[in-house]
Amino acid sequence: MEIRVRFAPSPTGPLHIGGARSALFNYLWACKNKGTFIVRSEDTDLERSSRESEHNILESLRWLNIQWNEGIEVGGEHGPYRQTDRLALYREYTEKLVDSGHAYYCYCTEEELEQERQALSAKGETPRYLGKCRTLTSEQRAVLEKEGRKPVVRFRVPEGQAIHIMDHVRGDVVFDSNGIGDYVIVKSDGIPTYNFAVVIDDTTMNITHVIRGEEHLSNTPRQVLIYQALGLPTPEFAHISLILNTEGGKMSKRDGDTAVMDYQKKGYLPEAIANFIALLGWAPSGEEEFYTLDELTEAFSLDRVSKSPAVFDLQKLNYMNAHYLKKAAPERLAELALPHVQEIGILPQGEQSPEQQQWLIGVVKAISEKIAYMAEVKDFVHYFHGDVPMEPEGEALEVLRGEQVPTVFGLFKEKLQAVESLSEAEVKVLLKQMTKELKLGGKFVYMPVRVALTGQMHGPELYDIIPLLGRENVLKRLEVTEKRYLG
Ligand code: GLU
């Protein structure tokens, strides 16, 4: 049997890490089984849904390289793939359910329902609909309609039934139908509710596996009852655990960014994000933690998806991203860095000259081992750009007081003027020669030069800084330092 899975986001906001994980698990399961991965849109919340959110979700998936074979923008035999374009289909199934007695029209007003809820709560019972309109005759209905009441359609929940859900992650989960009141499947404006529309979509799209977040587990018995009423087979389920923050609470904005595109904007790499979210709730069998999408596909299985909550650990993500940054080609890193360097006005907007491109490639090469994500380039550009060094403090200032310092600077200037080009190799030679000629330990030469040029005792390698600053800036920075501190 062909495996068919789907990701069905509600386009009411950007794609979040949790949604991306559901999409990824579905994608991996489809790829693993040479099946089909569908992306469709649950846009029946007319007020909160927007095409803008849908666009963000699709762009986020594309950025992560999670490709779908069927669905929105791709098309396919089971479309349309937006729920608002499928209303006629839902009406057809509503009629079937009403005709077979599995659903009925309910005319209760919001006030009546509220009274019922309060009465049940007062008795300590679960608030639910008790079925007042279950047995309305067509005459009674006609009277109510005359009053101008617009009905909803409710599903008639069978009494005393144990509803079994075979879940790949949670095993056999049983719900008691008595705890579920007759629920609305079509609202008074004719728009289907999630629990109903999702069943019709899943069944008409021949979905074999429903892989989604744990928050939908409690919806599943309501969906299973609809399959049963329609005489349709239920798909297999896999409810993946919640994602918590490192303190065990619900993940929120305070724990870091939650939208996928926030990470893109900060200069994370999509392969790092995909790798990281794959490990949120799924564990490979071996020790390896770095996986490409192909390797994930190879390794993925539903039975290694964990029941216990996943923990979103930003430090781990940063560690993984740093790993991928180190491996990425400098040209790609430069592209990633460009908007951040432009943002602080160090490079102009628009096309860059070949020199500017080369400079940026040099910068990212020099710092790729030092950053977790590319927005951090902003903390480093001052090392490589401009003619004024940062002001040294504390120990760094002490370094400039060394008695050898004026001689070191003198020789450094001389050598700088004499050398033809300032490549990394030449700078290395130049610095070495200085230690030799001055008969000083490296530290007594490199440290004052470093402090003079950067104001700091740590930072990127001198042989990276000097060529990227260029002779003029190096000489000027040196001059500024001499004036300030050796005057
Ligand atoms: N629209 C639902 C959500 O975004 C989809 C749930 C499902 O996959 O059935 O959570």
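To start, this report covers the structure provided alongside it. Computed from a predicted structure; not experimentally measured. (Residues numbered from 1 in each chain as written. Predicted model: local features only at pLDDT ≥ 70, side-chain atom pairs only at ≥ 80, totals over all residues. Heavy atoms only, no water.)

**Let's talk about the sheet that holds strand β4 (residues 103-106)**
Alright, step 1. Across the sheet, three strands lie side by side as β4-β5-β8; this open sheet has antiparallel pairing. Both edges of this open sheet fall to β4 and β8 (184-186), since each of them pairs with a single strand only. Between one strand axis and the next, the sheet turns through 45 degrees on average, direction left out of account.
Alright, step 2. Relative to strand β5 (residues 152-155), β4 is paired through four bridges, and the arrangement is antiparallel. The residue bridging Cys106 from the neighbouring strand is Val152, located in β5. (Pairing = 2+ DSSP bridges. Helix = DSSP H or I, 4+ residues; strand = E, 2+ residues; numbered from the N terminus. Axes fitted to C-alpha atoms, helices over the stretch in contact; angles between N-to-C directions.)

**What about the site of the ligand?**
Alright, step 1. Taken together, Arg6, Ala8, Pro9, Ser10, Glu42, Tyr194, Val198, Arg212 and His216 are the residues near the ligand.
Alright, step 2. Here an oxygen atom of the ligand sits 2.7 Å away from a polar atom, N or O, in the side chain of Tyr194.
Alright, step 3. In the environment of the ligand, an oxygen atom lies 2.8 Å from a nitrogen or oxygen atom belonging to the side chain of Arg212.
Alright, step 4. Expressed as a share of its isolated accessible area of 300 Å², the protein-covered part of the ligand is 80%.
Alright, step 5. In terms of residue class, the shell around the ligand is built from four nonpolar, two polar and three charged. (Near = heavy atom within 4 Å. Polar contact = N/O pair within 3.5 Å; in protein donor to acceptor, adjacent residues only side chain to side chain. Areas by Shrake-Rupley, 256 points an atom, 1.4 Å probe, with all protein chains shown as cover. Nonpolar A, V, L, I, M, F, W, Y, C, P; charged D, E, K, R; others polar.)

**Examining the packing of aromatic side chains**
Alright, step 1. Taken as a whole and assessed by the stated rule, the structure comprises 12 aromatic pairs.
Alright, step 2. With 5.2 Å between their ring centres and 55 degrees between their planes, Phe25 and Phe300 make a pair best called tilted. With Phe25 in helix α1 (residues 17-32) and Phe300 in the loop between α10 (293-299) and β12 (310-311), this residue pair connects regions lying 275 residues apart in the sequence. The burial state of Phe25 is the same as that of Phe300; both residues are buried.
Alright, step 3. Each ring, one from Phe290 and one from Tyr324, has its centre 5.9 Å from the other, and the planes form 75 degrees; the classification is edge-to-face. You can see Phe290 sitting in the loop between α9 (270-278) and α10 and its partner Tyr324 sitting in helix α11 (residues 314-327), a full 34 residues away along the chain. Of the two residues, Phe290 and Tyr324, both sit in the buried class.
Alright, step 4. A connected cluster of aromatic rings, assembled from ring pairs, spans Phe25, Trp282, Tyr291 and Phe300.
Alright, step 5. The lysine or arginine in question, Arg222, covers the ring of Tyr183, its NZ or CZ lying 5.8 Å from the ring centre. (Phe/Tyr/Trp six-rings, centres within 6.5 Å; stacked < 30°, edge-to-face > 60°. Buried < 20%, exposed > 50% of the residue type's maximum accessible area, 1.4 Å probe, protein only. Lys NZ or Arg CZ within 6 Å of the ring centre and 35° of its normal.)

**A short note on helix α15 (residues 405-418)**
Alright, step 1. The end-to-end C-alpha distance of α15, which contains 14 residues, comes to 20 Å, matching closely the 20 Å that a straight helix rising 1.5 Å per residue would cover.
Alright, step 2. Within the span of α15, buried status applies to Val405, Val408, Phe409, Leu411, Phe412, Lys415 and Leu416.
Alright, step 3. Against α14 (394-399), α16 (424-438), α17 (442-454) and α18 (462-486) lie the buried residues of α15. (Expected span 1.5 Å × (residues − 1). Contact = heavy atoms within 4.5 Å.)

**Observations regarding the packing of α17 against α18**
The relative placement of two packed helices comes down to the angle between their axes together with the axis-to-axis distance.
Alright, step 1. Here α17 crosses α18 at 75 degrees, and the two axes come no closer than 8 Å. Judged on the interaxial angle alone, α18 and α17 are roughly perpendicular. Where α17 abuts α18, its residues Tyr446, Val449, Arg450, Ala452, Leu453 and Thr454 lie against Leu462, Ile465, Ile466, Val474, Arg477, Leu478 and Thr481.
Alright, step 2. For the contact of α17 with α18, the class distribution of residues is nine nonpolar, two polar and two charged. (Parallel < 35°, antiparallel > 145°, perpendicular 65-115°, else oblique.)

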